[in-house]
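Remarks on the overall topology
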Amino acid sequence: MQWNRKDLLELYDLTPEEIELILDTAAEFKKVSQRRVKKVPALRGKTVVNFFVEPSTRTRVSFELAEQRLSADIVNVQASASSLLKGESLLDTIKNIESLQVDLVVMRHSAPGAQAFIARHLNCGVINAGDGAHGHPTQALLDIFTIREKLGRIKDLKVTIVGDILHSRVARSNMWGLLKLGAHVTFAGPSTLVPREFEEVGVRVCHNLDEAVADADVVNMLRIQHERQTLGFFPSTGEYSRFYGLKEETLKKMKKDVLVMHPGPINRDVELASSVADGEHSVILEQVTNGLAVRMAVLYLVAGCVKK
Amino acid sequence: MQWNRKDLLELYDLTPEEIELILDTAAEFKKVSQRRVKKVPALRGKTVVNFFVEPSTRTRVSFELAEQRLSADIVNVQASASSLLKGESLLDTIKNIESLQVDLVVMRHSAPGAQAFIARHLNCGVINAGDGAHGHPTQALLDIFTIREKLGRIKDLKVTIVGDILHSRVARSNMWGLLKLGAHVTFAGPSTLVPREFEEVGVRVCHNLDEAVADADVVNMLRIQHERQTLGFFPSTGEYSRFYGLKEETLKKMKKDVLVMHPGPINRDVELASSVADGEHSVILEQVTNGLAVRMAVLYLVAGCVKK
Amino acid sequence: MQWNRKDLLELYDLTPEEIELILDTAAEFKKVSQRRVKKVPALRGKTVVNFFVEPSTRTRVSFELAEQRLSADIVNVQASASSLLKGESLLDTIKNIESLQVDLVVMRHSAPGAQAFIARHLNCGVINAGDGAHGHPTQALLDIFTIREKLGRIKDLKVTIVGDILHSRVARSNMWGLLKLGAHVTFAGPSTLVPREFEEVGVRVCHNLDEAVADADVVNMLRIQHERQTLGFFPSTGEYSRFYGLKEETLKKMKKDVLVMHPGPINRDVELASSVADGEHSVILEQVTNGLAVRMAVLYLVAGCVKK
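This write-up is about the structure you can find in this document. (Residues numbered from 1 in each chain as written. Chains lettered and ligands numbered in written order. Predicted model: local features only at pLDDT ≥ 70, side-chain atom pairs only at ≥ 80, totals over all residues. Heavy atoms only, no water.)

1. Some remarks on the overall build of chain A
To keep it simple, the criterion reads: The helix count covers DSSP runs of H or I at least four residues long, the strand count covers runs of E at least two residues long, and both are numbered beginning at the N terminus. Within these notes, the globule rule equals 2.2 Å times the number of residues to the 0.38 power, and the radius of gyration is based on C-alpha atoms. In what follows, a contact means two residues having at least one pair of non-hydrogen atoms within 4.5 Å. Here the positive residues are Lys and Arg and the negative ones are Asp and Glu; neither His nor the chain ends is included. For this purpose, a charge sits on NZ of Lys, CZ of Arg, CG of Asp or CD of Glu.
A count of helices and strands for chain A gives eleven helices and ten strands. Relative to the compact-globule value of 19 Å for 308 residues, chain A shows a C-alpha radius of gyration of 19 Å, a close match. With respect to the principal axes defined by its C-alpha atoms, chain A has extents near 55 × 45 × 35 Å. By sequence separation, contacts in chain A at least 24 residues apart represent 72% of the contacts at least 6 residues apart. Here chain A holds 39 positive side-chain charges and 38 negative ones, and the gap between their average locations is 5 Å.

2. Here we look at the pattern of salt bridges
Heads up, the rule is: The salt bridge definition used is simple: a Lys or Arg side-chain nitrogen within 4 Å of an Asp or Glu carboxyl oxygen. Buried means the residue's accessible area, taken with a 1.4 Å probe over protein chains only, is under 20% of the maximum for its type, while exposed means over 50%, and partly exposed covers the values in between.
All chains considered together, the criterion is met by 45 salt bridges over all chains. Lys30(A) serves as the salt-bridge partner of Glu149(A), at 2.9 Å between the closest nitrogen and oxygen. Residue Glu149(A) is found in helix 5 (residues 137–151), and its partner Lys30(A) is found in helix 1 (residues 16–32); the two are separated by 119 residues along the sequence. Put simply, Lys150(A) and Glu286(A) hold a salt bridge, and the shortest N to O gap is 2.6 Å. Residue Lys150(A) is located in helix 5, and its partner Glu286(A) is located in helix 11 (residues 284–303); the two are separated by 136 residues in the primary sequence. Looking at Lys150(A), the relative accessible area reads 37%, which means it is partly exposed. Judged by its relative accessible area of 30%, Glu286(A) is partly exposed. Several salt bridges converge on common partners, so that one network encompasses Asp92(A), Arg268(B) and Asp278(B).

3. Details of the packing of aromatic side chains
Residue and element names in this part refer to chain A. To keep it simple, the criterion reads: Only rings of Phe, Tyr and Trp enter the pairing, Trp through its six-membered ring, and a pair is recorded when the two centres are within 6.5 Å. The plane angle decides the type: under 30 degrees is stacked, over 60 is edge-to-face, the rest tilted. Whether a charge sits over a ring comes down to the Lys NZ or Arg CZ being within 6 Å of the ring centre and within 35 degrees of the ring normal.
Applying the stated criterion to the full structure yields 15 aromatic pairs over all chains. On the basis of an interplanar angle of 40 degrees and a centroid distance of 5.1 Å, the ring pair of Phe-234 and Tyr-240 is categorised as tilted. Note on Tyr-240: relative accessible area 2%, which makes it buried. Connected via pairs of aromatic rings, a cluster forms that spans Phe-234, Tyr-240 and Tyr-244. The ring of Tyr-12 has Lys-180 lying over it, and the distance from NZ or CZ to the ring centre is 5.7 Å.

4. Quick notes on the interface of chain C and chain B
Let me state the cut-off plainly: Values labelled buried area give the accessible surface lost by two parts on being combined, using a 1.4 Å probe and summing over both. Two N or O atoms form a polar contact when they lie within 3.5 Å of each other; inside protein one atom must be a possible hydrogen donor and the other a possible acceptor, and for residues adjacent in sequence the pair counts only when both atoms belong to side chains.
Taken together, the contact pairs 29 residues of chain C with 25 residues of chain B. Carbon and sulfur atoms make up 49% of the surface buried where chain C meets chain B, a total of about 2400 Å² over both sides. On the chain C side of the contact with chain B, Lys38(C), Thr57(C) and Arg58(C) bury the most area, a combined 21% of that side's loss. Taken together, chain C and chain B are joined by three salt bridges. Put simply, Asp103(B) and Lys38(C) hold a salt bridge, and the shortest N to O gap is 2.4 Å. At the junction of chain C and chain B, the tally comes to twelve residue pairs in polar contact (both at pLDDT 80 or more). Listed by contribution, the elements that provide at least two residues to the side of chain C that touches chain B are helix 2 (58–69) and helix 11 (284–303) of chain C. Of all the elements, helix 2 of chain C adds the most residues to the side of chain C that touches chain B, at eight residues.

5. A look at the environment of Met261(C)
Residue and element names in this part refer to chain C. The residue Met-261 is located in strand 10 (residues 259–261) in this model. By relative accessible area, Met-261 is classed as buried at 0%. C-alpha separation for the pair Met-261 and Ser-282, spaced 21 residues apart in sequence, amounts to 6.1 Å. Not counting residues up to four positions away in its chain, the partners in contact with Met-261 are Asp-143, Thr-146, Ile-147, Val-218, Val-219, Asn-220, Met-221, Val-283, Ile-284 and Gln-287.

6. Looking at the relation of the copies chain C and chain B
To keep things clear, this is the line we draw: Alignment of the copies relies on least squares applied to C-alpha atoms, considering only residues that score at least 70 for pLDDT in both.
Between the two copies, chain C and chain B, the superposition gives an RMSD of 0.0 Å; the rotation angle is 120 degrees and the shift along the axis is 0.0 Å. Taken together, the rotation angle and the small translation identify this as a three-fold axis.

7. A short note on the sheet that holds strand 4 (residues 104–109) of chain C
By definition, the strands of a sheet pair up through backbone hydrogen bonds, in either a parallel or an antiparallel sense. Residue and element names in this part refer to chain C. As a reminder of what qualifies: In this scheme, strands are said to pair when DSSP sees at least two bridges between them. Note on definitions: angles span 0 to 180 degrees between N-to-C directions of axes, and those axes are lines fitted to C-alpha atoms, for helices only across the stretch in contact.
Strand order across the open sheet formed by five strands is 1-5-4-2-3, with parallel pairing between neighbours. Both edges of this open sheet fall to strand 1 (7–8) and strand 3 (73–78), since each of them pairs with a single strand only. Bridging between strand 2 (residues 47–52) and strand 4 involves five bridges; their strand directions are parallel. Across the sheet, the residue bridging to Phe-51 is Met-107, located in strand 4. Across the sheet, helix 2 lies against strand 2, strand 3, strand 4 and strand 5 (125–131), angled at about 180 degrees from strand 2, the strand it touches most.

8. Overview of the interface of chain C and chain A
Each partner contributes residues to the interface: chain C has 25 residues there, and chain A has 28 residues. Carbon and sulfur atoms make up 49% of the surface buried where chain C meets chain A, a total of about 2400 Å² over both sides. The interface formed by chain C and chain A includes three salt bridges. One can count eleven residue pairs in polar contact (both at pLDDT 80 or more) joining chain C with chain A. Of all the secondary-structure elements, those providing two or more residues to the side of chain C that touches chain A are strand 3 and helix 3 (90–98) of chain C. The dominant element in the side of chain C that touches chain A, judged by the number of residues it contributes, is strand 3 of chain C, at five residues.

9. Let's talk about helix 6 (residues 169–180) of chain A
Residues and elements named next belong to chain A. This is how the line gets drawn: Multiply 1.5 Å by the residue count of a helix minus one, and that product is the helix's expected span.
Across its twelve residues, helix 6 extends 17 Å between first and last C-alpha, which sits within 8% of the 16 Å expected from 1.5 Å per residue. Of all twelve residues making up helix 6, nine are buried, and the element is well covered by its neighbours. Where helix 6 is concerned, the buried positions are Arg-169, Val-170, Ala-171, Arg-172, Ser-173, Asn-174, Met-175, Gly-177 and Leu-178. The N-terminus of helix 6 is capped by Ser-168, whose side-chain oxygen sits 3.2 Å from the backbone nitrogen of Val-170. Just downstream of helix 6 lies Gly-182, where phi reads positive at about 90 degrees.

10. Notes on the side chain of Asn96(C)
Note that Asn96(C) resides in helix 3. A relative accessible area of 10% means that Asn96(C) is categorised as buried. Of the polar contacts made by the side chain of Asn96(C), one reaches the side chain of Arg58(A); its length is 3.0 Å. With sequence-adjacent residues up to four places away left out, Asn96(C) is seen in contact with Arg58(A), Leu285(A), Val288(A) and Glu88(C).

11. So, the side chain of Arg295(B)
Residue and element names in this part refer to chain B. Position of Arg-295 relative to the elements: it lies in helix 11 (residues 284–303). No salt bridge is formed by the buried Arg-295. Its closest oppositely charged neighbour is Asp-143, at 8.3 Å. Setting aside its immediate chain neighbours within four residues, Arg-295 contacts Thr-59, Ser-62, Phe-63, Ala-66, His-136, Thr-138, Gln-139 and Leu-142.

12. Here's the deal with the packing of helix 2 of chain C against helix 11 of chain C
All names here are of chain C. Condition: Throughout this description, any angle smaller than 35 degrees is read as roughly parallel, any larger than 145 degrees as roughly antiparallel, any in the 65 to 115 degree range as roughly perpendicular, and the remainder as oblique. By the definition used in this description, the sense in which the near helix is turned from the far one sets the handedness, with an anticlockwise turn below a right angle giving left-handed and a clockwise turn giving right-handed. Gly is put with the polar residues, along with every residue not named as nonpolar or charged; the nonpolar set is Ala, Val, Leu, Ile, Met, Phe, Trp, Tyr, Cys and Pro, and the charged set is Asp, Glu, Lys and Arg.
Contact pair helix 2 / helix 11: the axes reach a minimum separation of 9 Å and the direction vectors enclose 60 degrees. Judged by the angle between their axes, helix 2 and helix 11 are oblique. Once helix 2 is placed against helix 11, the crossing between them reads as right-handed. Across from Thr-59, Ser-62, Phe-63, Leu-65, Ala-66, Glu-67 and Arg-69 in helix 2, the residues of helix 11 making contact are Gly-291, Leu-292, Arg-295, Met-296 and Leu-299. Its residues placed into classes, the contact of helix 2 with helix 11 shows six nonpolar, three polar and three charged.

13. Topic: the packing of helix 3 (residues 90–99) of chain A against helix 11 of chain B
At a closest axis distance of 8 Å, the pairing of helix 3 of chain A and helix 11 of chain B adopts a crossing angle of 45 degrees. It follows that helix 3 of chain A is oblique to helix 11 of chain B by the angle criterion. Judged by the sense of rotation from one axis to the other, the crossing of helix 3 of chain A with helix 11 of chain B is right-handed. Contacts between helix 3 of chain A and helix 11 of chain B pair Lys95(A), Asn96(A) and Ser99(A) from the former with Leu285(B), Val288(B) and Thr289(B) from the latter. Of the residues assigned to the contact of helix 3 of chain A with helix 11 of chain B, the class counts are two nonpolar, three polar and one charged.

14. Digging into the sheet that holds strand 3 (residues 73–78) of chain A
Across the sheet, which stays open at both edges, the five strands sit in the order 1-5-4-2-3 (chain A) with parallel pairing between neighbours. Only two strands of the sheet have a single partner each, and these edge strands are strand 1 (7–8) and strand 3 of chain A. Pairing of strand 2 (residues 47–52) of chain A with strand 3 of chain A, which is carried by six bridges, proceeds in the parallel orientation. Counterpart to Val49(A) in the pairing with strand 3 of chain A is Val75(A). Sitting on the sheet, helix 2 (residues 58–69) of chain B is in contact with strand 2 and strand 3 of chain A, with an inclination near 165 degrees to strand 3 of chain A.

Here it is, written out as structure tokens:
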């Protein structure tokens, strides 16, 4: 199995073998961050631009550390504080960046498909660090990596993702990745946030939490994003929490070795009880650790396919 | 020929030989960015502070990559987000930075002459990355480098710069550099934006585009900066574009091998037709690539003259 | 004497021997910044996150350069421009950062004790870069380093700190450090800004400037922070300056070899006459230079005690 893509745009595009190659590579890179000298020269003399048009700290910091541990040269561009975009098209901006002999662009953008669009016009590699509600492939890969590491496989596992599926790029990318590797995916939450349309691609849709998590091997609790929910998809966070928040008592009815995941940042005691977030089933901080390894793997594989 | 200036403030100060030394050095550094490992240890253990009091992304990113490819240590200070300036004079701020044993300060400032002022008080080197409407020497050097690379020389070439000359540091720095190397310079645009005073230093001033570009070897189209033109120097961008925008039909009347340049970011179909910007005469993206090489050359030469 | 703390939180916690170990180590690192290649590999492959929740440029730049000269990998997080904190607790944020296998967190925060709080919950090291009005240990260490370097000792010296003691973390940290090393400390300023309570820990409190500085070996003039003094602690800056500003005429009545210090940025001709700031007694820029050495020492010592 050889990697031969210069871009990572969406898990939908990948074969199961490609996804597994990323996971296997990440497992190797995970060891690097456990060494005394957390660094390998794999991308020495390569240039990575982190181009974040939507604000982000967690994902940006994770990518930046991954790049540093691969010894890449790094430039951060945050477009809010940027003069790059004054009257200029996204493509002109990115073509300019490419003209500085950049090897990889890691990009977050609020427009779905923005990365796929620019990738078609560039020789340098493009990594999607989140495009609107469409996709967030490295987040899904780190979730899948964590499940595989903890439970030994993905095939036939039951993974329930709970929350605002409608606006969630994390849910979409997880869905594609998990389905490709043979897991059973359930989306759960209020009917306003979990459309039935997902049944068409093979996802179980469920509006009752107890039912959705009863036989789950993994429960991934999405963040309720107050800042996006202005339209009133549910009456109040209190009510949301009552019906869809994961609490100790729900946990007791679930499988003994269920994994509790969350992409962060957590709204404690809204979608996830604080005691559960810090409890024995939670692998939330390990997800963060694994994110670094997964991003190192993606950067490394993609960089190897950029023509120079 | 030896370089012996610790600062690069304005092309006006330089001899033709000094300008050519920068261009020759840049030609060497251009090769570095074409290698697999785009890095040389020339400035290892040296510290460069990018001190940008006016917002900038393109120039800052270009300098930052140049510094990384020379292996310098880099700190970015953006004064808008800065507490450096609270009640403190520019000179105190910069003296503080120098006290951190910094070797070079790359500075952008809205006040003409700000860099020249601080350079007189500092032992570290100062590179002007734009001072108000006064100068932007590395932009002019990359323009001149691109012309020389494409046409083999500067002497006796006819270079026409079109647009808002009045507010353009790019035009001023190009003018000094081109005149010193023996080119013929024409400034073109509406009379409100192209003052006759430039004739006194040997520039042809022209208010008709066809006439200005008829026998030009190079046409450099300046960006119409909406954000600065609040005073009504021309009736509308539509009218500006009609009279001074470079279109396919104008191009047909020009020399067969004319170079079309633009400092970016382009207002497509305002000062420059989109088809011309992307057409065979355009060297706009090559200018960006050359900018990196020119900045590496300037950083390298200037750093060699900083006393330690 | 061996260093065995993974955190630097406040000078109050340290023994005199520990403070002296930092100062001695800083003296060694000061030489590094005077070399042609200003870099040692001491922290190669270690990761430092500069987490600044309050805006800061001077301290951030000083730490960042110290980290670069130790060859650390560095990520800057400024929480104002951050999505880290959206509805998330400080501890969750920091635990996330730690999960990226970070070795050290350098943190500024407006809440007194914030660093001490997180340090108890983290395995990685924590360095306090200022916590509200509580402490700023590296600033105090650089002040003490400068005094020791200039006057050869700290014991029995008379150090007068003038200004807004009430709101000053610099004054508090200096106080603890100086008292531990056997100096005599005087706090001077208007009674609204210099509470008598400090007498209980052995500080002389004085509301008359001439009296406070008459036999001082060192005078440290604090910045009057206009931005914090909204409550009217003194009638006007003019009046403050008249009674508590250090002027040439005051200097004439003082010891012949008195040191004049200031943590910066200076309000020229408010707390400090411009001629005094630039005069022969001033060691203000040397404080900045020494700050880098002191921060290198702290980073180095603390990093050596972080378990991995």
